[in-house]
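A look at the structure
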Amino acid sequence: MKFGIGQPVRRFEDVRLLTGKGRYQDDRVLARQVHAVFVRSPHAHAAIRAISTEAASRAPGVLAVYTGADYAKDGLGMPKAAMPRKKRDGSPMFAPQRPALVIDRARYVGDPVAMIVAETLEEAKDAAELVEVDYAPLPAVTLVWEAAEPGAPRVWDENPDNISHTHERGDRKATDEAFARATRIVRRRYVITRVHAQYMEPRGSIGTYDSGEDRYTLYADVNYPHRVRNMLADKVFRVPESKVRVVCHDVGGGFGAKGWQYVDHRLTLWAARKLERPVKWRCERSEVVLADEHGRDNVGDIELALDADGRFLGLRLHMLASIGAYIASDRQLLTPFGQIGTVTGVYDIPAALVSIDAVLSNTNPTAPYRGAGRPEAAYLIERIIEAAAQELGVDPIELRRRNIIPTQRLPYRTPLGPLYDCGAFEANMDIALKACDYAAFAARREASRSAGKLRGIGLANAIEQAAGPAPEYAEVRFNPSGTAIMLLGTKTHGQGHETAFKQILHEKLGIAPSDVQFIDGDTDRVAFGMGSNGSRSMVTGGTALSLAAAKIVAKGKRLAAHLLEAAEADIEFADARFTVAGTDRSLTLKQVAMAAFQPARLPPGVEPGFYEDATYAPKQDTFPNGCHVCEVEIDPATGVVELLSYLVVDDVGTVINPLTLAGQIHGGVAQGVGQILMEQVVYAPGSGQLLTASFMDYAMPRADTMCNMKIVSNPVPTATNPLGAKGAGEAGCVGALPAVMIAIMNALAECGVRELDMPATSERVWSAIQAARASNGA
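This text gives an overview of the structure that appears in the document. (Residues numbered from 1 in each chain as written. Predicted model: local features only at pLDDT ≥ 70, side-chain atom pairs only at ≥ 80, totals over all residues. Heavy atoms only, no water.)

**Focus: the nonpolar core**
Side chains that are nonpolar tend, in soluble globular proteins, to be buried together. To keep things clear, this is the line we draw: The nonpolar core is taken to be a set of buried Ala, Val, Leu, Ile, Met, Phe, Trp, Tyr and Cys residues, with the residues joined through side-chain atoms within 4.5 Å. Only protein chains enter the area calculation, which uses a 1.4 Å probe; residues under 20% of their type maximum are buried, those over 50% are exposed, and those in between are partly exposed. Helix numbering and strand numbering both begin at the N terminus, where a helix is a DSSP run of H or I of at least 4 residues and a strand a DSSP run of E of at least 2. Residue contacts follow a heavy-atom distance rule, with two residues in contact if any of their heavy atoms lie within 4.5 Å.
Core analysis: the biggest nonpolar cluster contains 105 residues, and Y646 and I744 have the highest contact counts within it. At 11 residues, helix α18 (residues 731–748) tops the list of elements feeding residues into this core. Excluding its chain neighbours within four sequence positions, the residues that come into contact with I744 are V632, I634, V641, I676, L677 and A760.

Set out below in structure tokens:
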């Protein structure tokens, strides 16, 4: 089928998006809208002794200046975390809620203190300069390992050790016994830096309030419109869900960071109700890193136990995970805590124990960012395997092969809980080794050496836990003309959902994509949805759509049997046509759909109309996996790292569209490359000042950073969902972190460099080379 599953269909939405006809957040302009600007703390930690708003309130065009005291006076609520986490001593976790506007203390640079609303954006900005805040600076701590030290500055006076809670997985007794039997124990500490999603369009929100209906409407670029609605209705305004509508159209990139707990959502709605006018806030590019949640930021102390034959016996990981200054909701507890279970990788490790301390610091809260714990897991296991190979003096590929989970052992329950249902892990690695011409690498390295360069290769086997058992909704709604509308509870933010879902519907119903309207992101139009995250959209949304289409076919067969005067059991459906088996008598899907709206043509007991919905919840997670191979060259005179080649062998289960799959992998790899080579959110020691708030200081990969990328699919469809899909949105990022860093370390080994933490900037690489040469006397 030209537009069916597995076809490389070009994205239908691109014509609209690339010709300036997209409807992004900042494109929306409402009648009588006014503009909001936030006053943010310039201190990482400070007591607020007083806030003077009088001068700002008198400024031209200003309609209101709101503080946290105003918010509290109106009795609005604050969301809070509900996951049952505890401290190491068994006491309840310390989970400080995030205020909409801080009242007595600011806890990171960028913490919102006041909101100005004015007729124009310029007037709001001018008035913001007139708000006077009397701060008393306090000691601050921003580095996660320093925040966890005894005697570190307290982020919250009520929590002396800055540890919110400890999350543990695995079997401590079995792991201790495995380590007691070990011939060799390899230990390393790996730092995984704090980064920001840096999407093309900064966030924004517009709040409106209809006093006639007593109803709020939020226009915002979010991952999960229905969850945002539910949170606002239940936790903030304490009204029925029907009193809140959330609308999200085109999103200029999200990567997990455009979540559902940003305070501007509730503040613009609240101000709109008070002023009876739409209130718009647009995040400035220079404000983004101050205003948003960040990603990653953790340190892992990992140990790998091996026997005399180099077989893995056990793994231990103690991680310090930064969660920032607040825990606004369970969202802050998802990463890396919920996804670190794949830290044993694709390897047969009989025993494992993971312990994660959630550390509060004077920084922005952290939340899921592309991969959300899975890149960290892959990075830790693949790097400790490289270190083990180095200590044992064995080939790292051979060490992996000795311990990889064989296909005949699947399904395989890991010691941390995940159940790998299917895959071809060793085959992925074999395909990758052949496709990258691994056997000839030594000759390529020698050629680089002759040119005065260092060459390295890095291989990483990646696996991730995706598409968890949360429900998703889809509806197929035919019009009387025979065209259709499909409504999805997922939310696209650049992945190409419209194309992929139309392909699934075409596969199931044969309907032309041009005859289908795609709708998502509107809680008034779509009945239910959990949104898009964790590589779940095709697995859960796609399956729900398939189930709804199956219901359409079932009803269509009943209608067609009546219209064709045949038994329902004799009706076959294929290629958008209902046919009486063994005859040439048939009706098209469109003809049946049109007849469904004509009561006189319906059989007794069948109600008019042709629309069906379905809600699907998978029984278990899926496990996309693959093998990444990266090759780099380093100029020892400058420390510059150049990517020479990048290969991905991927298993995402059933491939809906190989073209958009490649795009997802390319983008994920680029973000992984960025974190390894250059990206990092940096705070000044002591003061906690943010040093990387703009693109002048926060470096990101460009086209000339990347190299040509080769993608080879080796799909093993899963039986855990009817589509056989495993998810693909984060696969590229999961494998890229370890593959690129291992390649860099492989190149630097020639100079004697044994340890280097990300980001591998030219300055850091050059310094590592100089230090190694000085140490070696070379």
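**What about the side chain of D264?**
Note the cut-off: Whenever a nitrogen or oxygen atom comes within 3.5 Å of another N or O atom, the pair is scored as a polar contact, on the condition that within protein one atom can donate a hydrogen and the other can accept it, and that pairs from neighbouring residues in sequence are kept only if both atoms are in side chains.
Position of D264 relative to the elements: it lies in helix α8 (residues 263–275). Using a relative accessible area of 2% as the deciding quantity, one classes D264 as buried. Only 3.0 Å separates the side chain of D264 from the side chain of R203, close enough to count as a polar contact. Dropping the residues within four chain positions of it, D264 is found in contact with F38, R203, S205 and W281.

**Re the pairing of strand β13 (residues 295–306)**
Heads up, the rule is: One bridge is not enough; two strands pair if DSSP finds at least two bridges between them.
Burial runs high along β13: 11 of the 12 residues are buried. Relative to β13, strand β8 (residues 184–195) is paired through 11 bridges, and the arrangement is antiparallel. Looking at the pairing, V186 lines up with L304 of β13. Note: β13 against strand β14 (residues 312–324), 9 bridges, orientation antiparallel. What sits directly across from V299, in β14, is L320. The antiparallel hairpin formed by β13 and β14 contains 5 residues in its connecting segment, where G310 sits at a positive phi of about 80 degrees.

**Focus: the packing of aromatic side chains**
Let me state the cut-off plainly: Two aromatic rings from Phe, Tyr or Trp, using only the six-membered ring of Trp, form a pair when their centres are within 6.5 Å; if the ring planes differ by under 30 degrees the pair is stacked, by over 60 it is edge-to-face, and anything between is tilted. Placement of a positive charge over a ring is assigned whenever Lys NZ or Arg CZ falls within 6 Å of the ring centre and within 35 degrees of the normal to the ring plane.
On inspection of all chains with the given rule, the structure shows 18 aromatic pairs. Pairing F3 with F12 gives two aromatic rings, centres 6.0 Å apart and planes at 55 degrees, and the pair type is tilted. Feature note: the residues F94, Y108, W156 and Y326 constitute an aromatic cluster, connected by ring pairs. Note that R316 overlies the ring of F179, its terminal NZ or CZ placed 3.8 Å from the centroid.

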